[in-house]
Amino acid sequence: MYILFILSLLIPLAATAGTPQQAPIVVRTVVEAEVPVKSAQGKIEKKRIPVSKAPPGNEVIYTTTFTNQGDKPAGNIAIINPIPAHTTYLSGTVFGDNTEVTYSSDGGKTYAAPEQLRIKTPDGRERQALPSEYTHIRWIYKGDLAVAKVGTVGFRAVVN
Amino acid sequence: MIKSYLPRCDERQAPHWAWADGIGRQDWGISVTVMLLAAILPRVACGAGAPAGTIVQNVVTVSYSIGTHSNLQITSAPASFMVAEIINVTLTSQDAGPVTVGSPDRNGALTFVLTNTGNATESFSLARNDSLSGDNYDPLIGSAGGIFLENGLQPGFQASGPNGDTLYVPGANDPVLGADASRLVYVVSDTPPSLGVGSIGKSMLTAVSTRHGAAGALPGTTFSGAGPSGSDLVVGNSRAQATQISSYVVGGVVVSINKTVLAVVDSTGGSTVSPGALLTYQIQVNVAGSGMAQNVMLNDPIPANTTYVANSLSVDGVPRTDAVDSDNADFSGGAVRANFGNTSAPTHHVVQFRVTVN
């Protein structure tokens, strides 16, 4: 009786053999600011630096990279980024090679192209949502992400 | 803070006066980059900026499939930054035009709204400057005091009494305002004598942040770690100070009356002033000049040896009852009386009544 009991404790560990032991896709997001910096020649150039503190009104750049560090191509890749609280998405600043971008204005329930996004007005009617009212951005990566490949997406926002 | 559906808070919005704190306002401006981490672009925070010290986090989720496994998900570690404090302040005048005073006069008030348009609580020091060019005289510090803070008991400036507003003493009661909060400030002045009607006196109110080194600094100037929760403190486009000029105008109101006998009809149909004759009197009340005459009242005892003709009273051509009632004239205590209240110049009234000669 006791031997059976010990065996039953061991079985759950064996059952996980079918699922990947570590995530093959790694995702990292950073927040940066673009600042003018004087080069050695005295020219003013734009440089991206990490942001640790920013006052209201400043623009920040969110860049997200996703890497396939598994041993097979990854497909059906969707990247979802809720617009961070206390920031406002800057219209037209989204980027991401090889992706299709849609937005949500309803808290991430639905995604659509800008022309189809709706907001309810105080008197109960509907109108097209403004970019500053988007709640989420979603990138659909086209095709597969090959092994060892990196995809990059992002957008700019202003601190409220 | 309710996020309204106005896209960008780019326009300056005049704060409308409200009796409590929390008057909505916006900020606008373009600033020059001075230090790293303080690059300001021409897009400006809406309404209440995010509170200083707030941690803003970005988290991204990637869903994918690999081989036969679908609906896999991985979530990023957060990318975070702390909202720095920005110092901004505005002063607006609440007077629709120059405030009318007499010459000499005492304790005329100019009304301003001081608003903390930054994103953290700050205090501000106030000062007035009366030696401005482009006016006819320099307003004097009011007998009651030079600057007052509205204490919220009664709208408008009260120099004293149970609702008397608070005399401002620099360094002792510098207004402390939370983000987006406002306070009414009065500049109170005496007016010198012998000034002609229409003389203008300008006065400038200045508010400066009490943060050492902030007032007047270039926008973007950053004080590391000086804000709440160790956030940086950044000087905003207002350079941590605000000024506003308002003015007084000397008004002169002259009230005069002119009494004439319009008609005499005696008992024979002639016009001799004899017993039984009916006299029609007309009194013209004239308010001339500029400004407002307060509590204009006429009290005209009828002449001796005459008797008032009942119901003969009219004001501006409209009959009035003799009785003391809700219309603005009556015959009472042997006198014709009319009450015109506060009357702006220029105004003209005509009072008529009849008497018979005893």
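Everything numeric here is computed off the predicted structure, so don't read it as measured data.

(A) Main features of the interface of chain A and chain B. Residue-level contacts link 47 residues of chain A with 42 residues of chain B. When contributions to the side of chain A that touches chain B are tallied by element, the ones reaching two or more residues are β1 (25–38), β3 (53–54), β4 (59–68), β5 (74–82) and β12 (150–159) of chain A. A per-element tally of the side of chain A that touches chain B places β1(A) first, with 10 residues. Looking at the side of chain A that touches chain B residue by residue, the classes come out as 28 nonpolar, 13 polar and 6 charged.

(B) Examining the environment of A:Ser132 more closely. In this fold, A:Ser132 is placed in the loop between β10 (126–128) and β11 (136–141). Along the chain, A:Ser132 and A:Val158 lie 26 residues apart, while their C-alpha atoms are 9.8 Å from each other.

(C) Spatial organisation of the nonpolar core. By size, the foremost hydrophobic cluster in this structure holds 64 residues, and its most contacted members are A:Ala54, A:Val60, B:Val83, B:Ala84, B:Phe112, B:Val185 and B:Tyr186. Discounting residues that sit within four places of it in the chain, B:Val185 has contacts with B:Phe112, B:Leu114, B:Leu126, B:Ile147, B:Leu149 and B:Leu205.

(D) Expanded view of the sheet that holds strand β8 (residues 99–104) of chain A. Read across the open sheet, the 5 strands follow the order β8(A)-β11(A)-β5(A)-β2(B)-β3(B); overall the sheet is antiparallel. Among the strands making up the open sheet, the edge pair consists of β8 of chain A together with β3 (69–75) of chain B. Across the sheet, the mean angle separating the axes of adjacent strands is 20° when strand polarity is ignored. With 5 bridges connecting them, β5(A) and β11(A) associate as antiparallel partners. From the neighbouring strand, A:Ile79 faces β11(A), where its bridge partner is A:Trp139.

(E) Structural detail: the pairing of strand β14 (residues 182–191) of chain B. All names here are of chain B. Within β14, 9 of the 10 residues are buried, leaving the element largely enclosed by the surrounding structure. Summarising the sheet, strand β8 (residues 105–116) and β14 pair through 9 bridges and their orientation is antiparallel. In the sheet register, Leu110 faces β14, and the bridge partner there is Val187. In terms of strand pairing, strand β10 (residues 140–141) meets β14 through 2 bridges, oriented antiparallel. In the sheet register, Leu140 faces β14, and the bridge partner there is Asp190. In this sheet, β14 lies alongside strand β11 (residues 147–149) in antiparallel orientation, the contact comprising 3 bridges. Within β14, the position partnered with Leu149 by the bridge is Val185.

Conventions and cut-offs
- Residues numbered from 1 in each chain as written.
- Chains lettered and ligands numbered in written order.
- Predicted model: local features only at pLDDT ≥ 70, side-chain atom pairs only at ≥ 80, totals over all residues.
- Contact = placed C-beta atoms within 7 Å.
- Helix = DSSP H or I, 4+ residues; strand = E, 2+ residues; numbered from the N terminus.
- Nonpolar A, V, L, I, M, F, W, Y, C, P; charged D, E, K, R; others polar.
- Core = buried A, V, L, I, M, F, W, Y, C linked by C-beta atoms within 7 Å.
- Buried ≥ 20, exposed ≤ 12 C-beta atoms within 10 Å, placed from the backbone.
- Pairing = 2+ DSSP bridges.
- Axes fitted to C-alpha atoms, helices over the stretch in contact; angles between N-to-C directions.

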